[in-house]
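# Secondary and tertiary structure notes
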Amino acid sequence: MATSMFFEFLLDSLPKLLDGLQVTFLLTIVAILAGFLIGVTLALGRIYGNKIISGICIGFIEVIRGTPLLVQLFIIYFGLASIGLVFSPIQAALFGLSLNSSAYQAEYLRGSIQAIPSGQMVAARTLGMTKIQSIGTIVLPQALRISIPAWSNELIYLFKYTSIAYLIQVRELTAEGQIIASRNFRYVEIYLIIALIYLIFTFIISEIVDRAEKRFHVPGLGVPKRASWLRNT
Amino acid sequence: MPMLDVKNIHKSFETTEVLKGISFSMEKEETKVIIGTSGTGKSTLLRCLNQLDPPDEGEVWLDGEELTNPSIDINRIRQKIGFVFQDFNLFNHLTALRNVSIGLEKVKQLNKEKARERAMDELKRVGLEKQINQYPAQLSGGQKQRVGIARALAMDPDIILFDEPTSALDPELIGDVLDVMKSLYGKVAMLIVTHEMGFARNVADEIIFMEGGVIVEKGPPKQMFQSPTKQRTKEFLGRIATLYGAE
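Residues numbered from 1 in each chain as written. Chains lettered and ligands numbered in written order. Predicted model: local features only at pLDDT ≥ 70, side-chain atom pairs only at ≥ 80, totals over all residues. Heavy atoms only, no water.

## Quick notes on the overall build of chain B
In plain terms, the rule: Each helix is a run of H or I in the DSSP string that is no shorter than four residues. Each strand is a run of E no shorter than two, and both are numbered from the N terminus. With the radius of gyration taken over C-alpha atoms, the globule rule is written as 2.2 Å times the number of residues to the power 0.38. Here, two residues are considered to be in contact whenever any of their heavy atoms come within 4.5 Å of each other. Positive charge is attributed to Lys and Arg, negative charge to Asp and Glu, and no charge count is given to His or to the chain ends. By convention, the charge on Lys lies at NZ, on Arg at CZ, on Asp at CG and on Glu at CD.
Looking only at helices and strands, chain B has 9 helices and 10 strands in total. In terms of overall size, chain B behaves like a compact globule, its C-alpha atoms giving a radius of gyration of 18 Å where 247 residues would be expected to give roughly 18 Å. Overall, chain B is about 55 × 45 × 35 Å in size when its C-alpha atoms are taken along their principal axes. Long-range contacts, defined as pairs at least 24 residues apart, comprise 65% of the intrachain contacts of chain B with a sequence gap of at least 6. For chain B, the separation between the mean place of its 32 positive charges and that of its 36 negative charges on side chains is 3 Å.

## Here's the deal with the pairing of strand β4 (residues 57–62) of chain B
Residues and elements named next belong to chain B. Condition: We treat two strands as partners when DSSP finds at least two bridges between them.
With 5 bridges connecting them, strand β1 (residues 4–13) and β4 associate as antiparallel partners. If you follow Lys-7 over to β4, its bridge partner there is Glu-59. Relative to strand β5 (residues 65–66), β4 runs antiparallel, the two sharing 2 bridges. Within β5, the residue paired with Leu-62 across the bridge is Glu-65.

## Points about the packing of helix α5 (residues 118–126) of chain A against helix α6 (residues 131–161) of chain A
Residue and element names in this part refer to chain A. For clarity, the threshold we go by: Helix axes are fitted to C-alpha atoms over the stretch in contact, other axes to C-alpha atoms as well, and angles between N-to-C directions run from 0 to 180 degrees. Oblique is the label for any angle not under 35 degrees, not over 145, and not in the 65 to 115 range, which are roughly parallel, roughly antiparallel and roughly perpendicular in turn. Here a crossing is taken to be left-handed if its near helix is turned anticlockwise relative to the far helix by less than a right angle, and right-handed if that turn runs clockwise. Under the scheme applied, nonpolar residues are Ala, Val, Leu, Ile, Met, Phe, Trp, Tyr, Cys and Pro; charged residues are Asp, Glu, Lys and Arg; polar residues are all the others, including Gly.
Packing of α5 against α6 brings their axes to within 9 Å, and their N-to-C directions diverge by 140°. As summarised for this structure, α5 and α6 are arranged oblique, according to the angle between their axes. The handedness of the crossing between α5 and α6 is right-handed. Residues Gln-120, Met-121, Ala-124 and Arg-125 of α5 lie in contact with α6, whose contacting residues are Lys-131, Ser-134, Ile-135, Ile-138, Val-139 and Gln-142. Residue classes in the contact of α5 with α6 are distributed as 5 nonpolar, 3 polar and 2 charged.

## A few points about the environment of A:Asn153
Tracing the sequence through the fold places A:Asn153 in helix α6. Sequence-wise, A:Asn153 and A:Asp12 are 141 residues apart; in three dimensions their C-alpha atoms are separated by 33 Å.

## Side note on the packing of aromatic side chains
Residue and element names in this part refer to chain A. Formally: Centre distance within 6.5 Å is the pairing criterion for rings of Phe, Tyr and Trp, where only the six-membered ring of Trp is used; planes under 30 degrees apart are then read as stacked, over 60 as edge-to-face, and the remainder as tilted. Using a 1.4 Å probe on the protein chains alone, a residue whose accessible area is under 20% of its type maximum counts as buried, one over 50% counts as exposed, and one in between counts as partly exposed.
Tallied over the full model, the rule gives 10 aromatic pairs over all chains. Ring centres of Tyr-157 and Tyr-161 lie 5.8 Å apart, and the angle between their planes is 25°; on these two criteria the pair is classed as stacked. Of this pair, Tyr-157 and Tyr-161 both sit in helix α6, 4 residues apart, roughly one helical turn. Taking relative accessible area as the criterion, Tyr-157 reaches 39% and is therefore assigned partly exposed. Residue classification places Tyr-161 among the partly exposed positions, given a relative accessible area of 41%. On the numbers, 5.5 Å between centres and 70° between planes, the contact of Phe-159 with Tyr-198 is edge-to-face. A residue pair is termed long-range when its members are at least 10 positions apart, and Phe-159 in helix α6 and Tyr-198 in helix α8 (residues 187–215) qualify at 39 residues.

## Comments concerning the pattern of salt bridges
Residue and element names in this part refer to chain B. The cut-off we apply is this: The salt bridge definition used is simple: a Lys or Arg side-chain nitrogen within 4 Å of an Asp or Glu carboxyl oxygen.
Enumeration according to the criterion identifies 20 salt bridges over all chains in this entry. With a closest N to O distance of 3.8 Å, Asp-56 and Lys-11 form a salt bridge. Of this pair, Asp-56 sits in the loop between α1 (42–49) and β4 while Lys-11 is found in strand β1, placing the two residues 45 residues apart along the sequence. Here Glu-122 and Arg-125 are joined by a salt bridge, their closest N and O atoms 3.3 Å apart. With Glu-122 and Arg-125 both in helix α4 (residues 112–125), this residue pair falls 3 residues apart, about one helical turn.

## Remarks on the nonpolar core
Worth spelling out the cut-off: Side-chain atoms within 4.5 Å are what join buried Ala, Val, Leu, Ile, Met, Phe, Trp, Tyr and Cys residues into a set we call a nonpolar core.
The biggest cluster of nonpolar side chains holds 88 residues, and the ones touching the most others in it are B:Leu4, B:Phe24, B:Leu49, B:Leu123, B:Ile149, B:Ile159 and B:Leu191. Among the elements that line this core, the one with the most residues is helix α5 (residues 141–154) of chain B, at 6 residues. Beyond its immediate stretch of four places on either side in the chain, B:Ile159 contacts B:Met3, B:Leu4, B:Met26, B:Leu62, B:Lys80, B:Ile81, B:Gly82, B:Val188, B:Ala189, B:Met190 and B:Leu191. In this structure, A:Ile32, A:Leu69, A:Leu80 and A:Ile180 belong to the second largest nonpolar core, which totals 34 residues.

## Focus on the sheet that holds strand β10 (residues 214–219) of chain B
All names here are of chain B. Strands sit in the order β6-β7-β8-β3-β9-β10 across an open sheet of 6 strands; the sheet is mixed. Strand pairing shows two members of the sheet lacking a second neighbour, β6 (81–84) and β10, which therefore form its edges. Put simply, the sheet's adjacent strands are angled 20° from each other on average, direction ignored. Taken together, the 4 bridges between strand β3 (residues 31–35) and strand β9 (residues 206–211) define a ladder with parallel strand orientation. Paired with Lys-32 across the strands is Glu-206, a residue of β9.

## Notes on the environment of A:Ile190
Residue and element names in this part refer to chain A. Looking at where Ile-190 falls in the secondary structure, it is placed in helix α8. Ile-190 sits 50 residues away from Leu-140 along the chain, and the two C-alpha atoms are 44 Å apart. Not counting the four nearest positions on each side in its chain, Ile-190 is found in contact with Phe-9, Ser-13, Leu-17, Gly-177, Ile-180 and Ala-181.

Following this line, the structure appears as structure tokens:
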């Protein structure tokens, strides 16, 4: 019976896959949050910094966006080790994914900040707010709201791209699947299972972000919501 | 000593000189209206006063302090100069109430409760007690502008600068805003750039006519409207009368 064999295989593989999934989640969550903090800093530095700061931010963003994630991970894991900076696989992956995501998040946020009418900043300054207060209380809260759709894309990309960490020996979801498959050669089944796991969680993530977007929605700010698959709104 | 003293302000953008030596002064609680054709530097003048666009030359004094002095803490001074914009510039992510209270919290360091109370009072004053929890996008133009005025008032300014406050409004909404402005007469100094000649005539202590970056003529409304001394002023008022209907 092919079906029962498949389920037996699924049940046998699942504990390992779930271990891997935990690592995938760890990579995703750390990278999105650290990437967010660095990304906000980069975006603000790029827009509001003086020539030098702005130049550094642009340079960093362009280098990160202009090179493959895999190459970045190899440089951090193998390259830096050769000059004495040794990271464990998981450390290298966390570091690389965070930096990589920060460049993309910085660019999404830059677009949003630049979409905020200049009158908002002017009005804040007119009240007597400092530039930093104006950015923090008036510009950023609006920019972050309109970044949520792009940000949710980044989160979903990132969740899937963590699989690349498998190539620097991180035992995340894809790596665990690879290990199982290399033992019993059931590549098709295992990769279908893995694909399904990614799909399920991608769907869940996009629903969560969708709700967050609704929760933070302010009339007149940002684009109208797309209809959710789960709710008829 | 006048409350606001503007001395020989010059301002250029690129190679165009927009303001070519503007001087005037204002007393406490005085209301002055600046009139003139578009592009004569009226808005630029207002932005020069609170240093949004620092003038290239000349001095601005408020309450005995020189605002054009680069070492002054301009953020402290700006609290004393309210600004009401043509296109409102309400904070889009905040309710009407928060629009008014945010400056009190962040700049005047009032606690949330006090700031809220004060904001409520100001919104009542402009007739918007029912709209406090609405966002700018949910308000009409006239309501938005009244929130803008309440936002400026809440900071207890010495003077409020109005930059064409009714120019972006539908005609039937202009009245509400002008009524609010009238109610402020004698309570706070107002410097108003507007094309509302009826309002200028009825409310202003003095009319300032600007053209080509200079003040052509200034005087009490009666004199300016009935017997202007300069030919340019006559021509302008004649054109305005045909445009907006004589009053």
